[in-house]
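Inside the fold
Here are the chains, one letter per residue:
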Amino acid sequence: PNRVGTGGAGFSVVRRGHTAQQPAIAAYGIAAVGQPVPPRSHVEDVDALEAMPSVLAQVTHATLCEVCDEGVRLPDSELRRRMDRQVFNNLRADACSTLAVLGTMSSDLTSAAVSQSEVRTFLVRSWAYLVESTSGRRRFSASPQPYQSERQLSQMAELFGHFLASVPERGAQDGFRIILSQWAAGSDFELQALVAIEAYRHRGSTMKAELEEMLSPIFSPIGVSTSREDKLRRAHRALGVTTRSMLRHDSDGEQDFNVVAKAASIVASIAPELISESAEVISLALQRGAPIHQVWASLLQAPALLRLSFLAVVAERTEFEVVNFFGDHASAVARLCAEVAEASDSGSKLNKTGKQQMPLVLNRLSTNFPLYVDPSAALQPSKVLALARGFGKHLGFAAPWLLRTLVRDMTKQPCRFSASDFIAVAVAAKSDIKLCKALGGALPGLWLSLSPQMLLEVMVRMPLALNATPPAFRQGLKEARTEHEMLLQALQPKHLSRLIEVWSDCGYDKVPESLMRLLPGAVDFHLLALDARRLVALSRLLNNGSASAAQEVVRIWRKWAEGSVHICMLRGWGRFYDALREVCRWRELDGGVSTPGGRTTLGEAVLQGGLAEGLADVAQVVPLELCMEISRLVPSTSLVACMFREKMEEKVRCSLRGVGSRLPLIVAVAVANGETLLKVEKGSTFWEALVLLIADSLKGSREIDLFCRSQPRMELRSAVIEALGGWRSLELSMSFSA
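The sections below set out a description of the structure shown in this document. Small disclaimer: the values here were computed from a predicted structure and weren't measured.

1. Remarks on helix 31 (residues 639-656)
In this model helix 31 runs 26 Å from its N-terminal to its C-terminal C-alpha over 18 residues, within 8% of the 26 Å that 1.5 Å per residue would give. Looking at helix 31, one finds that the buried residues are Val-640, Ala-641, Phe-644, Met-648, Val-652 and Ser-655. The buried residues of helix 31 occupy one face: seen down the axis, they fall within an arc of 90°. For helix 31, exposure combined with an orientation more than 90 degrees from the buried face picks out Leu-639 and Glu-646. Gly-658 occupies a position one or two residues after helix 31 and carries a positive phi of about 90°.

Here you go:
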């Protein structure tokens, strides 16, 4: 016995157990005017029926939304004409009966679930009855059949939407929208997101539990069959719906920011291209008073970049709530930043906005980092390493807690990491001296594990890299064990030469002392394989202005000179001439023999103490021409000049006596002409022997021409002409006259 009243458009509200002032729960009961509510038996075996196909449900849902939003609805007379009067009346009576049952339910969560089930059953039954009555068949499956055209079914679905929109109560329409949206979604992940957002937009007093129920399974992976363009279009629409819902919410109702955050999270998961738009929705929610902790909890399943955008917005605020947030969630914030950095490090490009947000979030985390963080919450070393590589300089006071486990692994197994990893972590740990020194002491262990080629590549870049590290790191490297000083011996001579050139171009002040001490051992090992140009570069590199450095350079040159003698006896003495030329050029660049203060330059010290003294001890096997070249370069008053004078005079006298090789014409002219350190007095036996040797060497025009071009002194010229006699004397005189 339902009471029938007069309602708008022929409908009456029927409430059982409620007074006129009590609000409806989910939907309203409706009944046709002048008719009792018939039993719901016009469709048999409802459980055997299927829901509307996804395509048709989308048509019905779109029609329902369009009519309700724009207010353009078909008159009842038109609905009766299209459906058939009897079908229309039965559908309306069924709706009245169903919604009257819903009116008896309370507002608890159990009743809300039952209400949703009743609405779904009504829609299944009504749709099946509509198609069955229109097609003229007694049994009907909601799925399309071969005898039904797609166009006919689409028209029925649109007509069904108009019928549902004719219900004047908003609560009933909301219930229809929820169920139709679920059917339209099917297994489509994007449409399920729209279901949740649409439900938020049209929520009633019983929608909160339903929203939670619908949102929870959306995060599970579901197959997607739509195109990429369709995904973006739907996701963008979902963001628009969410924003409009937040801006148009009822002033007397409390806004559910959890749903807003989850909706933005879903859209960002569907379309990563819309992460910035999703972040704008989150920012708008924060501006409208959304609690920071509540939104953060709702974003736990959101994409990392969306959560990063949320943290960047929060980091710019100055409220005390922000300080508490970063302190309470320090480990979670650090973990998120590490995840983003690891994804970027593994090949996923971080956009420009993300690169700007990471420093902002990390700086705020460092500022508000708590004094104590649970050690069990420490991050995985791989994630921390990625964070240190990309954003290490922004870790600040959070670095000790973040890097402690990673540094322990790097000191125990340095070969698992690269040199750039050590540098990046050292820069990140600059606030902790102990960690930096531990890292510096472990770096040589990595070098020892490298192949010679890899070691060269690392060492070429190491000076500039070390200059960017904290002093504590360089100190730890300097205090490393002494056996590491021999590691450059593994390089081939050509690789060591290249390394010396590169480091020399950097300059001594740019190469740390911890690297400089690696050179002497390798240089001593490959000394004879180095040429003079590399030795000059090495000398300039080792010269730091101290006496000990100068002594080390002179020692290296003397050892090279002594060792090269045996090689030159077999291959020629060209490397010594090259050495003299390079050292003299170096000496000129350094200011000559001595500085304005009277100190001997390092180039001059190398020439005298390295090359000259190294050859003076073995002068008996050194060619006279080389001895004369050295004696010409060194100061005549130096000790090494006296040593070479004695050796040279002995070699010349032996040659004049016929012992050993004959004295070359040019050398004899230079000695007799007084161009060497040897003193030759005119009229002495030494002088006469030299004149006779020169005269005997002038066999033909070629030798005579060579003697003239040697520019002999007048007394030597006269003595040689007198000693020659004959045509040679005449030709020599004519040559000088010409």
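Alright, that's what it looks like, and here's the rest.
2. Digging into the environment of Ala-561
Following the sequence through the fold, Ala-561 ends up in helix 27 (residues 547-571). For the pair formed by Ala-561 and Gly-614, sequence separation is 53 residues and the distance between their alpha carbons is 5.5 Å. Look past the residues within four positions of Ala-561 in its chain and what remains in contact with it is Phe-576, Gly-610, Leu-611 and Gly-614.

3. Regarding a nonpolar patch on the surface
A grouping of Met-569, Leu-570 and Val-621 is seen on the molecular surface, where their side chains present a nonpolar patch of about 320 Å² in accessible area. Residue classification places Val-621 among the partly exposed positions, given a relative accessible area of 35%.

4. Describing the packing of helix 17 (residues 381-391) against helix 18 (residues 399-412)
Two quantities define a packed helix pair, namely the angle between the axes and the distance from one axis to the other. The interhelical angle for the contact between helix 17 and helix 18, taken along N-to-C directions, is 105°, at an axis separation of 9 Å. In terms of axis orientation, helix 17 runs roughly perpendicular to helix 18. Taken together, the residues of helix 18 that come into contact with helix 17 (itself represented by Pro-381, Val-384, Leu-385, Leu-387 and Ala-388) are Leu-402, Leu-403, Thr-405, Leu-406 and Asp-409. Counted by class, the contact of helix 17 with helix 18 contains 8 nonpolar, 1 polar and 1 charged residues.

5. Looking at the nonpolar core
Ranked by size, the top nonpolar core spans 167 residues in total, and within it Phe-310, Trp-447, Met-459 and Trp-557 carry the most contacts. Among residues more than four places away in sequence, those in contact with Trp-557 are Ala-532, Leu-535, Val-536, Ser-539, Ala-579, Val-583, Trp-586, Val-606, Gly-610 and Leu-611. If you look at the next biggest cluster of nonpolar residues, it comprises 34 residues, including Leu-64, Leu-123, Leu-153 and Phe-160.

6. Quick look at the packing of aromatic side chains
Inspection of the entire model under this criterion finds 10 aromatic pairs. Measuring from ring centre to ring centre gives 5.5 Å for Phe-325 and Phe-326, while their planes differ by 85°; the resulting arrangement is edge-to-face. In this pair, the class of Phe-325 matches that of Phe-326, namely buried. When the ring of Trp-560 is compared with that of Phe-576, the centres are 5.7 Å apart and the planes differ by 55°; the resulting orientation is tilted. One end of the pair, Trp-560, is in helix 27; the other, Phe-576, is in helix 28 (residues 574-589), and 16 residues separate them in sequence. This pair shows no difference in class: Trp-560 is buried, exactly as Phe-576 is.

7. What about the side chain of Ser-697?
Assignment of secondary structure puts Ser-697 in helix 33 (residues 685-697). A polar contact is formed between the side chain of Ser-697 and the side chain of Arg-662, at a distance of 3.1 Å. Among all residues touching Ser-697, those that are not within four sequence positions of it are Arg-662, Leu-665 and Glu-703.

Reading the values: the criteria
Per chain, the residues get numbers from 1 upward, laid out in the order the sequence is written. For this predicted model, a pLDDT threshold of at least 70 governs which residues receive local features, and a threshold of 80 or more governs which side-chain atom pairs are given and counted, while totals over whole chains, interfaces and linings are taken from all residues. The basis for every side-chain value is the complete set of heavy atoms in the structure, and neither hydrogens nor water enter the calculation. Helix and strand assignments follow DSSP, with helices taken as H or I runs no shorter than four residues and strands as E runs no shorter than two, numbered in order from the N terminus. Helices are assigned an expected span. That span is 1.5 Å times one less than the residue count. When a residue's accessible area, from a 1.4 Å probe over protein chains only, is under 20% of the maximum for its type it is buried; when over 50% it is exposed; and in between it is partly exposed. The directions considered for the arc are those from the helix axis to the C-beta atoms. Residue contacts are counted whenever heavy atoms from the two residues lie within 4.5 Å of one another. For patch building, the residue pool is restricted to those with more than 30% relative accessible area and no salt bridge; the joining distance is 9 Å between like charges and 5 Å between nonpolar side chains (Val, Leu, Ile, Met, Phe, Trp, Tyr). Every accessible area reported is derived by Shrake-Rupley at a probe size of 1.4 Å, with residue values counting cover from the shown protein chains alone. Salt bridges are identified by distance alone: a Lys or Arg side-chain nitrogen within 4 Å of an Asp or Glu carboxyl oxygen. Axis geometry follows a simple rule: fit a line to the C-alpha atoms, using only the stretch in contact for helices, then measure angles between N-to-C directions, giving values from 0 to 180 degrees. Throughout, the term roughly parallel applies to angles under 35 degrees, roughly antiparallel to angles over 145, roughly perpendicular to angles from 65 to 115, and oblique to all others. When residues are grouped by polarity, Ala, Val, Leu, Ile, Met, Phe, Trp, Tyr, Cys and Pro land in nonpolar, Asp, Glu, Lys and Arg in charged, and all others, Gly among them, in polar. Nine residue types can take part in a nonpolar core, namely buried Ala, Val, Leu, Ile, Met, Phe, Trp, Tyr and Cys, and a core is a set of them joined through side-chain atoms within 4.5 Å. Aromatic rings from Phe, Tyr and Trp, taking only the six-membered ring of Trp, are treated as a pair when their centres fall within 6.5 Å; an angle between ring planes under 30 degrees marks them as stacked, one over 60 as edge-to-face, and anything in between as tilted. Each polar contact in these results corresponds to two N or O atoms within 3.5 Å; when the atoms are within protein, one needs to be able to donate a hydrogen and the other to accept it, and residues that are neighboring in sequence are counted only if both atoms are side-chain atoms.

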